[in-house]
Amino acid sequence: MPLASVDRACERIGQRLHSVGVKACMDAALKPGDGASRRGMPLLYRDFLPGSSRRTPFRVLLIGGIHGDELSSVSIVFQWIQKLEHERLQPFHWRVIPASNPDGLLAPRPSRTNARGVDLNRNFGTPDWSRDAQAYWKRVTHSDARRYPGPKALSEPETQWLTAQIRQFRPDAIVAVHAPFGILDFDGPLHPPQRFGALRLQPLGIYPGSLGNYGGITLGVPTITLELPHAGILPSSSQSQRIWADMLTWLEENLPKAEAPLFQRLDDTPWVLTQ
C-alpha cells in the first residue's frame, strides 16, 4: 500500500516538474490505485467517461512516465488530463496514469529505471521473457544497467500494478508516452497510424518484456507508443494539440475495426502471463 498521500505525491511531482506544478497536479483529481511503487509512492490514475451517447464506449489506457527520466512524457499527460476535463464530447472511456514510475521520476537524478534498477518497459510478462529477456540484455545491450529487465518477469510492483490495470480496465487501445526519439511506434492489430502531428511512424521493433510486446502482440490490444522529441522539453502547445487531435481521430476511425483483444475473447481462462 502507498506510504505517501496524494497530496504528498503531488507536492513532489509539482516540485520536480515545473511545467506541471503542485496545483495542477492536485487539480487533476488523481486517485491512488491499490498498489504502490517499490518505495511506497502511490500509483495515481483517473478515469474520464465519454461525453458521447455511444452505448458501449471504447476504452483507452493512457500511460506516461514508465521511464522516469523522460520528464516530458509525464508533463504532456498532465496537459491532456486538462483537455479531457473540458472535451465533453470526446467518445472514449479513458484511464489515465500520468507517472507510472514515480520512484524513477522523483529520484535525486531522474532515472529510467525504478528504485530497484529495473527497466519497467522490459519487465512485462511476455511469452518470450524467460527465454530471451536476460539473453537479449546481455548480448544486445551489453548488460546496460539502464535496460536491466529484472530477475524475472513481473518482478516489480509497478509492472504488477500496470498489468492488473490492463486486466481490470480491459482497454481497446493502449497509448504509452515516451521520449526522446521523436517518432511514432505501433504494435498489434490494425493498420498503424502514419503520423500524429510531427511524429511519423517508425517501428522500433519488439523487445522481450516491453509493453508494446505484451499489450500489442501478446494480448492483441492496439498499442501506440508516442516518442516525444525531447525528454526534458515539452512540445509546443500547438504541437501537443496536433498530436492529441490526430490521435483522437485515428482512435475513432480505427477502433471499430479491431478484433476484440485476447482477454475479451476468453471467459474465465487466466490470460495474465507469469514466469
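Presented here is an overview of the structure given in this document. (Residues numbered from 1 in each chain as written. Predicted model: local features only at pLDDT ≥ 70, side-chain atom pairs only at ≥ 80, totals over all residues. Heavy atoms only, no water.)

Here's the deal with the overall build of the chain
Move 1: Within the chain, the regular secondary structure consists of nine helices and nine strands.
Move 2: In terms of overall size, the chain behaves like a compact globule, its C-alpha atoms giving a radius of gyration of 17 Å where 275 residues would be expected to give roughly 19 Å.
Move 3: Taken along the three principal axes of its C-alpha coordinates, the chain extends 45 × 40 × 35 Å.
Move 4: Looking at the chain residue by residue over its 275 residues, the buried ones come to 54%.
Move 5: Sequence separation of at least 24 residues holds for 79% of the intrachain contacts in the chain that already meet a minimum separation of 6.
Move 6: Accessible surface, the chain as shown: approximately 12100 Å² in total, 50% of it carbon and sulfur.
Move 7: Distance between charge centres in the chain, computed from 31 positive and 26 negative side chains, equals 2 Å. (Helix = DSSP H or I, 4+ residues; strand = E, 2+ residues; numbered from the N terminus. Rg over C-alpha atoms; globule rule 2.2 N^0.38 Å. Buried < 20%, exposed > 50% of the residue type's maximum accessible area, 1.4 Å probe, protein only. Contact = heavy atoms within 4.5 Å. Areas by Shrake-Rupley, 256 points an atom, 1.4 Å probe, with all protein chains shown as cover. Lys, Arg positive; Asp, Glu negative; His and termini not counted. Charge placed at Lys NZ, Arg CZ, Asp CG, Glu CD.)

Brief notes about the environment of D128
Move 1: Inspection of the secondary structure assignment puts D128 in the loop between α4 (102–106) and α5 (129–140).
Move 2: For D128, the side chain forms a polar contact with the side chain of T126, separated by 2.6 Å. (Polar contact = N/O pair within 3.5 Å; in protein donor to acceptor, adjacent residues only side chain to side chain.)

Looking at the packing of aromatic side chains
For any pair of aromatic rings, the description consists of the separation of the ring centres together with the inter-plane angle of the planes.
Move 1: Evaluation of the coordinates by the stated rule reveals eight aromatic pairs.
Move 2: On the numbers, 6.1 Å between centres and 85° between planes, the contact of F92 with W94 is edge-to-face.
Move 3: The exposure class of W94 is buried, given its relative accessible area of 0%.
Move 4: Summarising the aromatic geometry, the rings of F124 and Y214 are spaced 5.9 Å apart at their centres and angled 20° between planes, so their arrangement reads as stacked. Remark: Y214 occurs in helix α7 (residues 211–218) and F124 occurs in the loop between α4 and α5; sequence separation between them is 90 residues.
Move 5: Judged by relative accessible area, Y214 falls into the buried class, the value being 1%.
Move 6: In textbook terms, an aromatic cluster arises when at least three aromatic residues are bridged by ring pairs, as seen for W80, F92, W94 and W244. (Phe/Tyr/Trp six-rings, centres within 6.5 Å; stacked < 30°, edge-to-face > 60°.)

Notes on the sheet that holds strand β6 (residues 183–187)
Move 1: If you walk across this open sheet you meet the nine strands as β1-β2-β4-β3-β5-β9-β6-β8-β7, and the pairing is mixed. Each edge of the sheet is formed by a strand with only one pairing partner; in this case those strands are β1 (31–36) and β7 (195–196).
Move 2: The pairing of β6 with strand β9 (residues 223–227) spans four bridges and is classified as antiparallel. Across the sheet, residue F186 finds its bridge partner in β9, namely I224.
Move 3: Against the sheet, helix α6 (residues 157–169) touches β1, β2 (42–48), β3 (59–64), β4 (93–97) and β5 (173–178), its axis set at about 175° to β4.
Move 4: Contacts between α7 and the sheet are confined to β3, β5, β6 and β9, with β9 contributing the most and set at about 150° to the helix. (Pairing = 2+ DSSP bridges. Axes fitted to C-alpha atoms, helices over the stretch in contact; angles between N-to-C directions.)

A short note on the environment of S237
Move 1: Topologically, S237 is positioned in helix α8 (residues 237–254).
Move 2: Taking the relative accessible area as the measure of exposure, S237 reaches 63% and is therefore exposed.
Move 3: Remark: the alpha-carbon pair of S237 and Q79, spanning 158 residues in sequence, is separated by 9.2 Å.

Digging into the pairing of β9
Move 1: Counting buried residues along β9, five of its five residues qualify, which places the element largely inside the surrounding structure.
Move 2: Side-chain alternation along β9 places T223, T225 and E227 on one buried face and I224 and L226 on a second face that is also buried.
Move 3: Sheet topology places β5 next to β9; five bridges connect them, and they run parallel. Paired with V175 across the strands is I224, a residue of β9.

Topic: the pairing of β1
Move 1: Bridging between β1 and β2 involves three bridges; their strand directions are antiparallel. Among the inter-strand pairings, K31 is bridged to a residue of β2, identified as Y45.
Move 2: Where β1 hands over to β2, the hairpin turn is made up of five residues, of which G40 adopts a positive phi near 85°.

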